[in-house]
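Chain residues, written in single-letter form:
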Amino acid sequence: MELIRYAKYHALGNAYTLLEIATPPTKDQIRLLCHPQYGLGGDGLLIGRTVGDGQFALRIFNPDGSEAEKSGNGLRIYARYLADEGQAGQEPIVIETRGGAVLATIDQERDDVGIDMGRVNFYSEDIPVAGPSREVIQERLHFGGVELVYSAASIGNPHCVIRVKKLDEQFTRRFGPLIENNPLFPNRTNVQFLEVIDRDSIAIQIWERGAGYTLSSGSSSCAAAAVAVRLGLCQPEVTVHQPGGPLAVTITREFHAILRGPVQFVSRGLVAIPD
């Protein structure tokens, strides 16, 4: 049985474990490592490597064993880990992901990390969303007698944002998996239910692709904020409230999403990779 070093952090309750290993575990091993009883628990695994001076690469794995293109909180956790390990300081660092490169900055206290997540894209072929080429804004989904109006976006990974009058966890847990696995989304999708509080604040609940109901998500916060700005519902600088706590998001004129919020250390040690 192989023992490897790990470090676990959370970003507003969105927990990831960094494995100090070159080759990713298998899907079955990932599922066990993320299991709350048989492993370390959490919302996913991170495996990073150094590619140059101030340049790093990160792979992100969901609890179901699938690989994610990008994760705002996962990236912020990795940046904090690099700072804790003395591999990053006050200067911005570049982190490559399957969903594109991002720029990360860590403040002097190293408990607050900002990420330029890149440009938010609403075009169907880039998200992807099935059907003709188009911007996917204010379209309709039907489940039985329930009609949901959604907008879709990509920030390197797919998102489906649904505005509701009032957030309801039971509603999120009911419709989240139905939307995630809808044939409309060839690569499945992350789902955000969006409540507009005022011009400066929105609230979301999240059903994360490959992870389920999640207390916080950085990329989901960016996607929801971008849709709210695109629809004229809020200002470009907005606080995104989630069950785990608030994140600050700025949507630039070019629709780049800038994400900032806290990251907290949980534990480090050795973990057995299941056979």
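Since the model is a prediction, treat every value here as computed from it, not as a measurement.

Structural notes on the pairing of strand β16 (residues 245-251)
Within a regular strand, the side chains alternate between the two sheet faces.
Here is step 1 of the chain: Relative to β16, strand β15 (residues 237-242) runs antiparallel, the two being bridged by six bridges. The residue bridging Val-238 from the neighbouring strand is Val-249, located in β16.
Here is step 2 of the chain: Linking β15 back to β16 in an antiparallel pair, the connection comprises two residues.
Here is step 3 of the chain: The sheet contact formed by β16 and strand β17 (residues 256-262) spans four bridges and is antiparallel. If you follow Ala-248 over to β17, its bridge partner there is Arg-260.
Here is step 4 of the chain: Hairpin geometry of β16 and β17 is characterised by an intervening segment of four residues between the two adjacent antiparallel strands and by a positive phi of about 65° at Phe-255.

Quick notes on the environment of Val-129
Here is step 1 of the chain: Relative to the elements of secondary structure, Val-129 occurs in the loop between β8 (112-119) and β9 (139-143).
Here is step 2 of the chain: Apart from the residues within four sequence positions on either side, Val-129 is in contact with Ser-124, Arg-134, Val-136, Tyr-150, Ala-152, Leu-184, Phe-185 and Pro-186.

Here we look at the nonpolar core
Here is step 1 of the chain: Core analysis: the largest hydrophobic core is formed by 55 residues, its most contacted members being Ile-95 and Ile-202.
Here is step 2 of the chain: Excluding residues within four positions of it along the chain, Ile-202 makes contact with Leu-194, Glu-195, Val-196, Ile-197, Ala-224, Ala-225, Ala-228, Cys-234, Val-238, Thr-239, Val-240 and His-241.
Here is step 3 of the chain: With 21 residues, the next largest nonpolar core counts Val-129, Tyr-150, Leu-167 and Phe-175 among its residues.

Digging into the pattern of salt bridges
Here is step 1 of the chain: One pass over the full model with this rule turns up 14 salt bridges.
Here is step 2 of the chain: Between Asp-112 and Arg-260 there is a salt bridge; the shortest N-O distance is 2.7 Å. Of this pair, Asp-112 sits in strand β8 while Arg-260 sits in strand β17; the two residues are 148 residues apart in sequence, bridging distant segments of the chain.
Here is step 3 of the chain: Under the relative-accessibility criterion, Arg-260 is labelled partly exposed at 33%.
Here is step 4 of the chain: Put simply, Glu-139 and Arg-134 hold a salt bridge, and the shortest N to O gap is 2.7 Å. For the pair shown, Glu-139 and Arg-134 are each scored as buried.

Some details on empty space enclosed by the protein
Here is step 1 of the chain: The full count for this structure, using the stated rule, is one cavity of 30 Å³ or more.
Here is step 2 of the chain: Empty space within the largest cavity amounts to approximately 70 Å³.
Here is step 3 of the chain: Forming the boundary of the largest cavity are Tyr-16, Ile-60, Asn-62, Ala-68, Lys-70, Ser-71, Asn-157, Asn-190, Glu-208, Arg-209 and Ser-219.
Here is step 4 of the chain: Each residue belonging to the lining of the largest cavity can be placed in one class, and the counts come to three nonpolar, five polar and three charged.

Observations regarding unusual backbone geometry
Outside of glycine, negative phi angles account for most residues, and trans bonds account for most peptide bonds.
Here is step 1 of the chain: In the segment running from Ile-127 into Pro-128, the intervening peptide bond is cis, with an omega of -5°.
Here is step 2 of the chain: In this fold, Pro-128 is placed in the loop between β8 and β9.
Here is step 3 of the chain: At Leu-12, a residue that is not glycine, the phi angle is positive and equals roughly 55°.
Here is step 4 of the chain: Inspection of the secondary structure puts Leu-12 in the loop between β1 (2-11) and β2 (14-19).

Scoring rules and cut-offs
Per chain, residues are indexed from 1 in the order of the written sequence. The predicted origin of the model limits local features to residues at a pLDDT of at least 70 and limits the giving and counting of side-chain atom pairs to 80 or more, whereas totals for whole chains, interfaces and linings rest on all residues. The side-chain numbers reported here are obtained from all heavy atoms of the structure, hydrogens and water having been left aside. Strand pairing follows a simple DSSP-based rule, namely that at least 2 bridges must link the two strands. Every helix listed is a DSSP run of H or I at least four residues long, and every strand listed is a run of E at least two residues long, numbered separately from the N terminus. Here a residue-residue contact requires only that any non-hydrogen atoms of the pair lie within 4.5 Å. Think of a nonpolar core as a cluster: buried Ala, Val, Leu, Ile, Met, Phe, Trp, Tyr and Cys residues, connected wherever their side-chain atoms sit within 4.5 Å. Between buried and exposed lies partly exposed: a residue is buried under 20% and exposed over 50% of the maximum accessible area for its type, with that area taken using a 1.4 Å probe on protein chains only. We count a salt bridge whenever a side-chain nitrogen from Lys or Arg sits within 4 Å of a carboxyl oxygen from Asp or Glu. Lining residues are those with an atom within 4 Å of a point, where the points come from a 1 Å grid over the protein atoms alone and group into cavities, where a 1.4 Å probe fits but cannot get out, or pockets, open sets with protein on both sides within 12 Å along at least five of seven lines. Grid points are joined across faces, edges and corners, and a volume is the space filled by probe spheres set on the points. Any residue that is not Ala, Val, Leu, Ile, Met, Phe, Trp, Tyr, Cys, Pro, Asp, Glu, Lys or Arg is counted as polar, Gly included; the first ten are nonpolar and the last four charged.

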